[in-house]
Structures are given as structure tokens and as C-alpha cells.
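# Coordinate analysis (summary)
The chain contents come next:
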Amino acid sequence: MEHIENDKQFGGLTVNSGVSQPPSVNPYLKKRRKAPLPTAGELVEGILKGNMTTLSRSVTLVESLSPSHQAIAQEVIEKCLPYSGNSRRIGITGVPGAGKSTSIDVFGLHVLKQGGKLAVLAIDPSSERTKGSILGDKTRMEKLSVHPDAFIRPSPSAGSLGGVARKTRETIVLCEAAGFNNIFVETVGVGQSETAVHSMVDFFLLIQLAGTGDELQGIKRGIMEMADGIVINKADGDNIARAQLAQAQFRSALHLFPTPASGWTPEVLTYSGYFELGIPEVWDMIDRYFAFVMQNGYFGQRRAQQARYWMYETIDEQLRNHFYHNPEIENMLAEKEMRVLANQQSSFTAAKDVLDRYFQNR
């Protein structure tokens, strides 16, 4: 482009040409080929050797919605099943802010000092709007996340807690096959997640807080009946007396509930995750529980009940997926939805019509 300033009449002015724009892509950069998916046999071999990278890749396939990935994942799970079932599965729940991640950090280090390996599976809540998750549990498990014998895997709930819970149970199988003899499953801390996690663990630990002005709110029949142990966090400094008061209140509340099927009477303890106070006492309680249920046979009975529960849950999920992914049903649902929104048909008759069509085709 010619600039008028370079004309002879403007003797004291000169406009130099600019630097040519470099290409947006490095010409020396070779296009990387996407690595092929490993076979199920290769993944199983790596898992049984305790390879963390292979384990992580297998869990990613388990969580994937791709049919090809799911086919490989299911084959891997089947081949790992004979090597699973040899861990202590512990569910950890509590309201947001109760200190679950900090507690898992110190509990995990205490467990690893006794030998063995630890896997932490955290179900992270997803945004209802964007469906995204922070997956930031590792940032609050500073010491555990860098330990060579620990494996931390956060999974997004993505609005489908039941599906995530099933995938978490399948991940437990892979972790056990990889040699992890302690499994922590952390819930999102909201209602339905407790029931899902309770159905896949051996011991269910409820973390509570004291001094929040809401002790009675924590005494909920449903969650209290599921808990095998209750621990009150942040029992340090000026909060010790409030923690002890809350401990007495929870103990009194537990006497109002019927004896659990295990025969074990849940204990209530206080501790401080931040200052690492009372951690051995909490773990001693868990050790006593496992010794108790092993002796009376409840441990095997609970594992069998959970296996049966997840069989039926998987059947329900597969039926639901088959229904909603049927092309004819998809078209009919769209049509019926428009009729319902236009007040031309009730929700109930529309649902009956769709189900009738589905079962007629079976």
C-alpha cells in the first residue's frame, strides 16, 4: 500500500513498510495423530499391575457416554471382577462446609501410614445451568494428592446422580483390582447422594458441625439411620465445648432409633480435621466396626444386598435408555409434548399413549 507521506513534496516524512504477519499455525508443527484406544486386555493388564495412568484411562472410559467406549469399559470391568472385593469401602458425607475434603486428607494419610493403598472417589456437584463442574477436591487434599499410594478421582454428577453412582461403583471394582485396599467415596452432601453412596460402601461416616446454631437440623431420621458413625468436626479452640454438647445431643438422638440391621450401635466422636486432633480415635471406631460385622456375618450379607440392588438399578437404567433412544418414541414424545403444552391433552393420557405404543412394538 502506497502512503502519500512518501511523496517527494513531504521530504521530511517517511513511512516504512510494516512487519509481515506470521502464519497463525507453526509451519514446523506436525499434526499429531490420535492414539488408538487400547484393547480391554491391555487395560486389564495395566490395572492389575497397579499402573495409575491405565487406571485413570479405564475410569474415563467407564464415565464416557460413547457406545464404543462403554463396550470396552464393560469388558474391562468383567475381567477385573475376580480381583475385586478385597477392600474396605467407606462412604463420607456431610453438609457443604463440614470439612469433608480436609478430613479425607488427614484420614487418608493416617490410613496410608498403616500400609496399603487408598483411592478417593469424589462425586462433584454440577451446575444445573451449564452442566459444568469445578472438580476441585484435589486442591483441598494437598498432602494426599501428591502421595504415591493415593489415587483421587473426582467425577461430575452432571445432573444424573443415579448414573454417576453406578459408574462410581464400577470404578470401585477397577480400583480394587489395581490393589487399592481402602476406598473412600465422598458424596456431594445433598439428600439423594447419601442414599446412592450408602448402597455401595461398607461403612457410612457422617460428618457434622457444632456451634452453627442448627444442631437439631442435623438430627435427621433418614441420614442418621444410614450412618454407622457420626463425627463432629472442628472440635478445637473455643468450639470444643459446643462440639461436646452436640456430641451429647446426637448420642441422645441415636437412642430413639431402632438398632441397625448390623447390630452395631453407631458411635459419636469429636475431632479436628484442620489441627489433626482425634484422628486415631475415629479410625479405631471404624476398625472396631469392621471387626464386629466380620464376626457376625453382616459384612458379607451387606455386600450381597448391594450387588442385588445394583443389578436391578442397572436393569432400570438400561430400560430407560432403550425407551428414550427409540426413534419412533422420540418422534412421538415431541408430538405429545406439543399437545400437552397446547392444553390439547393431559400429561397422563399422553404418557399412557406413548407407553402403549412402546409396549405394542415389543
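Residues numbered from 1 in each chain as written. Predicted model: local features only at pLDDT ≥ 70, side-chain atom pairs only at ≥ 80, totals over all residues. Heavy atoms only, no water.

### Comments concerning the overall build of the protein
- Looking only at helices and strands, the protein features 13 helices and seven strands.
- If you take every contact in the protein between residues at least 6 apart in sequence, the share linking residues at least 24 apart comes to 75%.
- Approximately 20,800 Å² of the protein is accessible, and the part contributed by carbon and sulfur atoms is 55%. (Helix = DSSP H or I, 4+ residues; strand = E, 2+ residues; numbered from the N terminus. Contact = heavy atoms within 4.5 Å. Areas by Shrake-Rupley, 256 points an atom, 1.4 Å probe, with all protein chains shown as cover.)

### Regarding the packing of helix 11 (residues 298-324) against helix 13 (residues 347-360)
- Interaxial distance between helix 11 and helix 13 falls to 11 Å at its minimum, and their mutual angle equals 100°. One way to sum up the angle between helix 11 and helix 13 is to call them roughly perpendicular. Every residue of helix 13 that contacts helix 11 at Leu319, His322 and Phe323 is listed here: Val354, Leu355 and Tyr358.
- When its residues are assigned to classes, the contact of helix 11 with helix 13 shows five nonpolar, one polar and no charged. (Axes fitted to C-alpha atoms, helices over the stretch in contact; angles between N-to-C directions. Parallel < 35°, antiparallel > 145°, perpendicular 65-115°, else oblique. Nonpolar A, V, L, I, M, F, W, Y, C, P; charged D, E, K, R; others polar.)

### Comments concerning the nonpolar core
- Val76, Leu174 and Met224 are the most contacted members of the largest nonpolar core, which totals 49 residues.
- Sorting elements by how many residues they give to this core places helix 5 (residues 161-177) first, with six residues.
- Contacts of Val76, omitting those with residues within four sequence positions, involve Ala40, Leu43, Val44, Ile47 and Leu174.
- In this structure, Phe107, Ala150, Phe290 and Phe299 belong to the second largest nonpolar core, which totals 34 residues. (Core = buried A, V, L, I, M, F, W, Y, C linked by side-chain atoms within 4.5 Å. Buried < 20%, exposed > 50% of the residue type's maximum accessible area, 1.4 Å probe, protein only.)

### Notes on the side chain of Gln70
- You can see Gln70 is positioned in helix 3 (residues 67-80).
- We classify Gln70 as buried; its relative accessible area is 17%.
- For Gln70, the side chain forms a polar contact with the main-chain oxygen of Ser64, separated by 2.8 Å.
- When near neighbours in sequence (up to four residues on either side) are disregarded, Gln70 contacts Leu61, Val62, Ser64 and Lys167. (Polar contact = N/O pair within 3.5 Å; in protein donor to acceptor, adjacent residues only side chain to side chain.)

### Description of the packing of aromatic side chains
- As enumerated under the stated definition, the model contains 13 aromatic pairs in all.
- Ring centres 5.8 Å apart and planes at 55° place the aromatic pair Phe184 and Trp283 in the tilted group. Taken together, the residues Phe184 in strand 4 (residues 182-186) and Trp283 in helix 10 (residues 279-296) connect sequence positions 99 residues apart.
- On the basis of relative accessible area, Trp283 is assigned to the buried category, the value being 2%.
- With 5.0 Å between their ring centres and 85° between their planes, Tyr274 and Phe275 make a pair best called edge-to-face.
- Each residue in the set Phe203, Trp264, Tyr289, Phe290, Phe292 and Phe299 is aromatic and connected to the rest through ring pairs, giving one cluster.
- Over the aromatic face of Phe290 sits the side chain of Arg88, whose NZ or CZ is 4.6 Å from the ring centroid.
- The ring of Phe180 carries Lys117 above its face, with NZ or CZ at 4.4 Å from the centroid. (Phe/Tyr/Trp six-rings, centres within 6.5 Å; stacked < 30°, edge-to-face > 60°. Lys NZ or Arg CZ within 6 Å of the ring centre and 35° of its normal.)

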